[in-house]
Amino acid sequence: MKVLFDQGVPAPLRRALDGHTVDTAYERGWSTLQNGELLAVAESAHFEVFVTTDGNLKYQQNLDARTIAVVVLSTTSWPRIQRSLAQVIVAVSNASQGGYFEVRIE
């Protein structure tokens, strides 16, 4: 799958997502775009999954009309995410068009 990381998602996570093509909003030059615009640009670039740490995204955007799947991580802490890699990998790998999934990381 083609995966886009939002600002705040630790870049080292990309190494755990074998079999997926991962870019970051920063690498794409999209780091200044607001969420709605960023999602639209990502969809037009054929990204299938958007990984973010913005837990408010579902309240700020109408995700019903989106084709991109959204995976929300509950923290930006790489050490904490590392301890929950299996959950993150499952969420990204099982993401379906227009889906929304929150990964609660302790």
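As the structure is a computational prediction, the values presented were derived from the model and not from experiment.

### Focus on helix H5 (residues 85-93)
Then comes step 1: For H5, the full list of buried residues reads Val-88, Ala-91 and Val-92. End-on view of H5: buried residues confined to an arc of 95°, all on one side of the axis.
Then comes step 2: For H5, the secondary structure elements touched by its buried residues are strand S1 (2-5), strand S3 (49-52), strand S4 (69-73), helix H4 (78-83) and strand S5 (100-103).

### Thoughts on the sheet that holds S3
Then comes step 1: The strand order across the open sheet built from five strands is S2-S1-S3-S4-S5, with neighbouring strands paired in parallel fashion. The open sheet has two free edges, formed respectively by strand S2 (21-24) and S5, since each of these has just one partner strand. When strand polarity is set aside, the average angle formed by the axes of neighbouring strands in this sheet is 20°.
Then comes step 2: Here S3 pairs with S4 via four bridges, running parallel. Along S4, the bridge assignment pairs Phe-50 with Val-70.
Then comes step 3: Its contacts with the sheet put H5 on S1, S3, S4 and S5, and the angle it makes with S5 is roughly 175°.

### What about the pattern of salt bridges?
Then comes step 1: Using the criterion set out here, one finds four salt bridges in the structure.
Then comes step 2: Between Glu-27 and Arg-14 there is a salt bridge whose closest N-O contact spans 2.8 Å. Of the two residues, Glu-27 is situated in helix H1 (residues 25-28) and Arg-14 in the loop between S1 and S2; the sequence distance between them amounts to 13 residues.
Then comes step 3: On the accessibility criterion, Glu-27 (46% relative accessible area) is partly exposed.
Then comes step 4: Since its relative accessible area comes to 27%, Arg-14 is described here as partly exposed.

### Description of the side chain of Thr-75
Then comes step 1: Counting through the fold element by element, Thr-75 comes out in the loop between S4 and H4.
Then comes step 2: Of the polar contacts made by the side chain of Thr-75, one reaches the side chain of Arg-80; its length is 3.4 Å.
Then comes step 3: Leave out the neighbours within four places in its chain, and Thr-75 touches Thr-53, Arg-80, Ile-81 and Ile-105.

### Details of the pairing of S1
Then comes step 1: Direction of pairing for S1 relative to S2: parallel, over a ladder of four bridges. Residue Lys-2 lies in a different strand from S2, and its bridge partner there is Thr-21.
Then comes step 2: Pairing geometry for S1 and S3, over three bridges, is parallel. The residue bridging Leu-4 from the neighbouring strand is Phe-50, located in S3.

Calculation notes
Starting afresh in each chain, residues are numbered from 1 along the sequence in its written order. Where local features are concerned, this predicted model is filtered to residues with pLDDT of at least 70; where side-chain atom pairs are given and counted, the filter is 80 or more; whole-chain, interface and lining totals use all residues. Only hydrogens and water are set aside; all other atoms, that is, all heavy atoms of the structure, feed into the side-chain values. Whether a residue is buried, partly exposed or exposed follows from its accessible area with a 1.4 Å probe, protein chains only, as a fraction of its type maximum: under 20%, in between, or over 50%, in that order. Numbering of helices and strands starts at the N terminus; helices are DSSP runs of H or I of at least 4 residues and strands are runs of E of at least 2. To be clear, the arc concerns the directions from the helix axis to the C-beta atoms. Contact definition: two residues touch when any of their heavy atoms are within 4.5 Å. What makes two strands pair is DSSP finding at least two bridges between them. Axes here mean lines fitted to C-alpha atoms, for a helix over just the part in contact, with angles spanning 0 to 180 degrees between N-to-C directions. One speaks of a salt bridge when a side-chain nitrogen belonging to Lys or Arg is within 4 Å of a carboxyl oxygen belonging to Asp or Glu. Counted as a polar contact is a pair of N or O atoms within 3.5 Å, where, for protein atoms, one must be capable of donating a hydrogen and the other of accepting one, and residues adjacent in sequence contribute only when both atoms are in side chains.

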